[in-house]
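Below are the chains, spelled out letter by letter.
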Amino acid sequence: MTKISTKTNKFLIHEDWAVVILGSAVILSSLFFFLLPIPVFKWENTASLTDKIFQLNNLSAILIQFVFMSVIGAIGAFIMGKSVKNFLMGFPVVYVLTIIALLIAGSSSMRALNLEAVIFSLMIGLAISNFFKLPKWFTSALSTELFVKIGLVLLGTTVIFADILKAGSLGLIQALVVVVSVWYFAYWLCRKLKVDDELTMMISSAVSICGVSAAIATSGAIKGDSKKLSYVISMVLITAIPMMIFMPYIAHYFSFPQAVTGAWLGGSIDTSGAVVASGSLVGEEALKISTIVKFSQNVLLGIAAFAISIYWSYTNHKDENGERVKPTVGVIWERFPKFVLGFIGASLLFSFFLPQATIAGVKDSLKNLQGAWFALAFTSIGLETNFKDLFGNQSKKPLYAFLIAQLFNVIITLVIAFYLFGNA
């Protein structure tokens, strides 16, 4: 929603529309004006750190990305009526901390564990916020929601409808059955354990759909608390590690067929990187099937985010007395997170209106930017979060709910994988 400020007489734009505008600007800029170079953060040893990371071309790519994201963020602060000066003073700090997180995640040892950059972004931010007192102007300039939602709009460019058909009918069937059954079980379990509504929605989506991206998209759809989102993301990333390591050995011990194993891994492990690593431990067929099944779940993200946002707007509207009432269509539209429209628009554009050659030319750069916005968001979340908020006693029930739902996910996915792929 746009409005005229009576104090400053500036034309302001609500954050929901601002992220659609900015995300679209990033996409259009990549398509028609300037394609950002992709910085390299993967390294094996001190020599490769010097040769790959700290060589002039790569440092130039990092600097260009910094300038580009600074401009986008500053425009966002301006059109939303926030302090551009504070943003420009605080953003370099957030960006440098995020680059450090990307470098840590890019090391060969961390890549072997499939630890994603967002977990290091969060940990660095938490370490600083819990040991140092940050000035108010700095914390007020953190743009967590802006970063997350721009990243989500860019995420739409990776959901290509033509690729859904290539995923295969069995993969799509399994993805649909697993997502629906696991989501409703997780939702029911969270309600039984009296987990709050926001965490319930985030946990249900993270366990059933595609982990980190699903949790982020759901948080955006329900305008969730960023501290709760960081907790869910931490659970997803931490549990993915033992699942990635032990599930292939369990499959080998019980002599599961490779197709079944691949479908089991792809349907139950919540991060794409861990799925690929786990499938690789089993064999080529398992890797192929696991990737197809995981991708089939990923493509359901846009539909799920849309449905969740409608449900949340319809069921969580309260009047001035705090009583829950059914809102009008106008209220639902007002509360509807507009980034979903940007996500869907990007997906439609890349699915039906752009030639494959164009998509191939820009997809890596846009995916790099998507990851950078998410990493910046989690650095910001860490900087505004206290450990006692993240790991307090109130976190026990959500943890129990997540672990039990994940166990259910592992079991039901194995049953479905045997049914669909046992004779494949």
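As a convention, each chain's residues are numbered from 1 in the sequence order in which they are written. In keeping with the model being predicted, local features are shown solely for residues with a pLDDT of at least 70 and side-chain atom pairs are shown and tallied solely at 80 or more, while totals for entire chains, interfaces and linings include all residues. The basis for the side-chain values is all heavy atoms of the structure; hydrogens and waters are excluded.

Structural notes on the overall build of the chain
At step 1: What the chain contains, in helices and strands, is 22 helices and two strands.
At step 2: Only protein chains enter the accessibility calculation, which uses a 1.4 Å probe; a residue whose area is less than 20% of its type maximum is buried, one above 50% is exposed, and one in between is partly exposed. Expressed as a percentage of its 424 residues, the buried residues of the chain come to 54%.
At step 3: Should any heavy atoms of two residues lie within 4.5 Å, those residues are counted as being in contact. Taking contacts inside the chain between residues at least 6 apart in sequence as the whole, the part at least 24 apart equals 76%.
At step 4: For the chain, the exposed surface amounts to about 19500 Å²; the carbon and sulfur share of it is 68%. Numbered from the N terminus, helices here are DSSP runs of H or I no shorter than four residues, and strands are runs of E no shorter than two. All accessibility values rest on the Shrake-Rupley procedure with a 1.4 Å probe; residue burial counts only the protein chains present in the view.

A look at the pattern of salt bridges
At step 1: Criterion for a salt bridge: a side-chain nitrogen of Lys or Arg within 4 Å of a carboxyl oxygen of Asp or Glu. Inspection of every chain in the model, using the stated rule, returns five salt bridges.
At step 2: A salt bridge links lysine 228 to glutamate 198; its shortest N-O distance comes to 3.6 Å. You can see lysine 228 sitting in helix H13 (residues 226–253) and its partner glutamate 198 sitting in helix H11 (residues 197–210), a full 30 residues away along the chain.
At step 3: Here lysine 228 falls in the partly exposed class, since its relative accessible area comes to 24%.

Some points on the packing of helix H4 (residues 84–106) against helix H6 (residues 117–131)
At step 1: Axis definition: a line fitted to C-alpha atoms, over the contacting stretch in the case of helices. Angles run 0 to 180 degrees between N-to-C directions. At a minimum axis distance of 8 Å, the contact between H4 and H6 shows a crossing angle of 130 degrees. For the element pair H4 / H6, the angle class is oblique. Crossing handedness for the pair H4 and H6: right-handed. Across the interface between the two elements, Leu97, Thr98, Ile100, Ala101, Leu102, Ile104 and Ala105 of H4 pack against Ala117, Phe120, Ser121, Ile124 and Ile128 of H6.
At step 2: Amino acid classes used here: Ala, Val, Leu, Ile, Met, Phe, Trp, Tyr, Cys and Pro are nonpolar; Asp, Glu, Lys and Arg are charged; the rest, including Gly, are polar. Here the contact of H4 with H6 is built from residues that sort into 10 nonpolar, two polar and no charged. An angle below 35 degrees is read as roughly parallel, one above 145 as roughly antiparallel, one from 65 to 115 as roughly perpendicular, and any other as oblique. Left-handed describes a crossing whose near helix is turned anticlockwise from the far helix through less than a right angle; right-handed describes the clockwise counterpart.

Some details on the nonpolar core
At step 1: Met69, Ile216, Val232, Ile233 and Trp373 are the most contacted members of the largest nonpolar core, which totals 133 residues.
At step 2: Element by element, the count of residues in this core is highest for H13, at 13 residues.
At step 3: Not counting chain neighbours up to four residues away, the residues in contact with isoleucine 233 comprise Val118, Val212, Ala215, Ile216 and Phe378. In this text, buried Ala, Val, Leu, Ile, Met, Phe, Trp, Tyr and Cys residues form a nonpolar core when linked through side-chain atoms within 4.5 Å.

Some points on the confidence of the model for the chain
At step 1: Confidence scores per residue from the predictor, reported as pLDDT, run from 0 to 100. The pLDDT averaged across the chain works out to 81; a share of 86% of its residues lies at or above 70.
At step 2: When the elements of the chain are averaged for pLDDT, strand E1 (residues 2–4) gives the smallest value, 43, and helix H3 (residues 56–79) the largest, 93.

Observations regarding the packing of aromatic side chains
At step 1: Two rings from Phe, Tyr or Trp (for Trp, the six-membered ring) form a pair when their centres are within 6.5 Å of each other. A pair whose planes differ by under 30 degrees is stacked, one over 60 is edge-to-face, and the rest are tilted. One pass over the structure, following the stated rule, counts 15 aromatic pairs.
At step 2: Their ring planes at 15 degrees and their centres at 5.8 Å tell us that phenylalanine 66 and phenylalanine 91 sit as a pair that is stacked. Here phenylalanine 66, found in helix H3, pairs with phenylalanine 91, found in helix H4; they are 25 residues apart in sequence, far enough to count as distant.
At step 3: Residue phenylalanine 66 is classed as partly exposed on the basis of its relative accessible area, which comes to 21%.

A look at the environment of glycine 211
At step 1: Checked against the element boundaries, glycine 211 lands in the loop between H11 and helix H12 (212–222).
At step 2: Considered as a pair, glycine 211 and leucine 237 are 26 residues apart in the sequence and their alpha carbons are 8.1 Å apart.
At step 3: Once residues within four sequence positions are removed from consideration, glycine 211 is found in contact with Ala206, Val236 and Asp270.

So, H3
At step 1: Each residue after the first adds 1.5 Å to the expected span of a helix. With 24 residues, H3 ought to run about 34 Å at 1.5 Å a step, and its terminal C-alpha atoms sit 35 Å apart, in line with that.
At step 2: We define a polar contact as two N or O atoms separated by no more than 3.5 Å, with the added condition that, inside protein, one atom must be a possible hydrogen donor and the other a possible acceptor, whereas residues neighbouring each other in sequence contribute only through side-chain atom pairs. Between the side-chain oxygen at the start of H3 and the backbone nitrogen of asparagine 57 there is a gap of 3.1 Å, and the oxygen is on glutamine 55.

Remarks on the packing of H11 against helix H16 (residues 284–298)
At step 1: Two elements in contact, H11 and H16, have axes whose closest approach is 8 Å; the angle formed by their N-to-C orientations is 140 degrees. By the angle class used here, H11 and H16 are oblique. Every residue of H16 that contacts H11 at Ser208, Ile209 and Cys210 is listed here: Lys294, Gln297 and Asn298.
At step 2: By residue class, the composition of the contact of H11 with H16 is two nonpolar, three polar and one charged.

Section: helix H19 (residues 339–353)
At step 1: Here H19 spans 20 Å end to end across 15 residues, near enough to the 21 Å set by a 1.5 Å rise per residue.
At step 2: Within the sequence span of H19, burial applies to Phe339, Val340, Gly342, Phe343, Ala346, Ser347, Phe350 and Ser351. One face of H19 carries all of its buried residues, which in axial projection span an arc of 165 degrees. Away from its buried face by more than 90 degrees, H19 exposes Phe352 and Phe353. In this description, one arc is meant: the one made by directions from the helix axis to the C-beta atoms.

Here's the deal with a nonpolar patch on the surface
At step 1: A contiguous nonpolar patch, built from Ile245, Phe246, Tyr249, Ile250, Tyr253 and Phe254 and spanning about 710 Å² of accessible area, is present on the exposed surface.
At step 2: With respect to the helices and strands, the residue tyrosine 253 is situated in helix H13. Each patch groups residues whose relative accessible area exceeds 30% and which form no salt bridge, using 9 Å between like charges and 5 Å between nonpolar side chains of Val, Leu, Ile, Met, Phe, Trp and Tyr.

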